[in-house]
Structures are given as C-alpha cells and as structure tokens.
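Overview (structure and organization)
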Amino acid sequence: MRKAIAIDFDGCLSTNAFPAIGEPNWPVINRAKAEQRAGAGLILWTCREDQLLLDAIAACEGWGLTFDAVNESLPDWIEAFGTRPRKVGASEYWDDKAVRMPDALPPNDPLTLEELRGMDWEPVYMVDLIGGPSWDQWIIFKKSTDDGFAPLGGGFFITETYGRTWLAYRRKPEGRMT
C-alpha cells in the first residue's frame, strides 16, 4: 500500500491567518510535492469547511500542490481496508500542532556491568562481538562474580572482556541479524 501523508493547511501549508489564506510555507509545500513525485498520496487534512475549504484547495492549486483526497483517507486505502472511518488514515500526519510522542520502548543501550550484576535471573540478549550475529543468544545469568557471569546451561562471560568481546542488552538490538 502506498504511503499516505495527511497535511494540515493553516499553520502548516500556510502561515496561520484563519479564516484568510496565509502565506505559503514553501519548505513544506516543496517537501509534499517531492513525496508525491516519489509515489506518496497526499491528503489535505483540515478543519476548514464549505467556501473556506474551497479557498484552501484553490490556494494549494495556485502553489502547484494537488491532493489525492480531502479530509478522508486515500481511495486505495478505503478500498484496501473496506472502511471509511472518521479518522483519516495515513502513514504520516503533518500538523503544526503535532506533538511527537516518545518511542514506546525505552532506549536499548548496552547494559552496564552494574546493571548486569543487579539482575536476578532475568533474560538478557548477549551479542558476540567476535563470533558475529550467529553467536548472539538469549541467556539468563544464574551467578555473578567479580570475574564474570555464569549463564544457565553453562559457559562463562568474563567481566574484563565486556564491551570488547561481548555485550548484553535488555532486548535484541534493532537491526541485528542472526
């Protein structure tokens, strides 16, 4: 399914002069045109109605910007999902009032040795910096000493080589291939 971008008008495509038409915001307009040339579908996503909406559409056309849909999901999205919900469906929403939400998952930095020592039979994802991704594995440390960590199932991970030959994470690092 192609990328769908829902773009607000007042304050985003133009400066906010509601109910008048503000000045064009060329960086946003040019980016939208580039996305459209690359295959994305553009949706004018605005609270404007009636003549105010027609004025916004005309302004965009004057700036060389046309839309695949206005205040509704793209036709191919409607067909694919078989619905017409009130919320416009899109891959991205461009709005001057937007707040970017923090990622749902916390950062996945390598655990420190202190964090590892504080774990009590918790799973960690061990990355082998020497053997490569095929040697990476989920492990549970059953014992920790000043010299290293002993996982269930055998073996020993030496403290002084941490960060040079192995690392441990709370979850598998993104993009790490096995």
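Described below are features of the structure shown in this document. (Residues numbered from 1 in each chain as written. Predicted model: local features only at pLDDT ≥ 70, side-chain atom pairs only at ≥ 80, totals over all residues. Heavy atoms only, no water.)

1. Some thoughts on the overall build of the protein
From N to C terminus, the protein includes four helices and nine strands. Across the protein, helices and strands are ordered from the amino to the carboxyl terminus as β-α-β-α-β-α-β-α-β-β-β-β-β. By the compact-globule yardstick of 16 Å for 178 residues, the protein is too spread out, its C-alpha radius of gyration being 26 Å. Each principal axis of the C-alpha distribution contributes one length, and for the protein these read about 75 × 35 × 25 Å. Contacts in the protein between residues at least 24 apart in sequence constitute 64% of all its contacts with a sequence separation of at least 6. Carbon and sulfur atoms make up 55% of the accessible area of the protein, which totals about 11,000 Å². (Helix = DSSP H or I, 4+ residues; strand = E, 2+ residues; numbered from the N terminus. Rg over C-alpha atoms; globule rule 2.2 N^0.38 Å. Contact = heavy atoms within 4.5 Å. Areas by Shrake-Rupley, 256 points an atom, 1.4 Å probe, with all protein chains shown as cover.)

2. Description of unusual backbone geometry
F18 connects to P19 through a cis peptide bond whose omega is 10°. The phi dihedral of N71 falls on the positive side, at around 55°, and the residue is not glycine. Relative to the assigned elements, N71 resides in the loop between strand 3 (69-70) and helix 3 (75-81). Since its relative accessible area comes to 29%, N71 is described here as partly exposed. (Buried < 20%, exposed > 50% of the residue type's maximum accessible area, 1.4 Å probe, protein only.)

3. Quick word on the sheet that holds strand 1 (residues 4-7)
Reading across from one edge, 3-2-1-4 is the order of the four strands in this open sheet, with parallel pairing throughout. Two strands bound the open sheet, and with one partner strand each, they are strand 3 and strand 4 (92-94). Where strand 1 and strand 4 come together, three bridges link them in parallel fashion. In the strand pairing of strand 4, I5 is matched with E92. Against the sheet, helix 1 (residues 26-37) touches strand 1, strand 2 (41-44) and strand 4, its axis set at about 155° to strand 4. (Pairing = 2+ DSSP bridges. Axes fitted to C-alpha atoms, helices over the stretch in contact; angles between N-to-C directions.)

4. Re the sheet that holds strand 7 (residues 148-151)
Spatially, five strands are ordered 8-7-6-5-9 in an open sheet, and the strand pairing comes out antiparallel. The open sheet has two edge strands with one neighbour each: strand 8 (157-158) and strand 9 (166-169).

5. A look at the packing of aromatic side chains
Counting across every chain of the model gives ten aromatic pairs. Their ring planes at 35° and their centres at 4.9 Å tell us that F141 and F149 sit as a pair that is tilted. Accessibility expressed as a relative area gives 9% for F141, which makes it buried. Put simply, the rings of F141, F149, F157, Y162 and W166 pair up and form one aromatic cluster. (Phe/Tyr/Trp six-rings, centres within 6.5 Å; stacked < 30°, edge-to-face > 60°.)

6. Side note on the nonpolar core
In summary, soluble globular proteins display a tendency toward joint burial of nonpolar side chains. Grouped together as the largest cluster of nonpolar side chains are 19 residues, with contacts concentrated most on I7, F9, L13 and L65. Of all the secondary structure elements, the ones that give two or more residues to this core are strand 1, helix 1, strand 2 and helix 2 (50-62). Tallying contributions element by element places helix 2 first for this core, with four residues. Setting aside anything within four residues of it in sequence, one finds F9 in contact with S14, I21, L44, W45, T46, R48, A56, A59, C60 and W63. Residues L113, V124, F141 and L167 belong to the second largest nonpolar core, which totals 17 residues. (Core = buried A, V, L, I, M, F, W, Y, C linked by side-chain atoms within 4.5 Å.)

7. Examining the environment of E72
Here E72 is to be found in the loop between strand 3 and helix 3. When the C-alpha positions of E72 and L167 are compared, they lie 48 Å apart, and in sequence the two are 95 residues distant. With residues up to four places along the chain from it excluded, the contact list for E72 reads I43, I78, R84 and V88.

8. What about the side chain of S73?
One can find S73 in the loop between strand 3 and helix 3. Overall, the relative accessible area of 8% leaves S73 in the buried class. At 2.8 Å, the side chain of S73 and the backbone nitrogen of G89 are in polar contact. What S73 contacts, discounting residues up to four positions off in sequence, is I43, I78, K87, V88 and G89. (Polar contact = N/O pair within 3.5 Å; in protein donor to acceptor, adjacent residues only side chain to side chain.)

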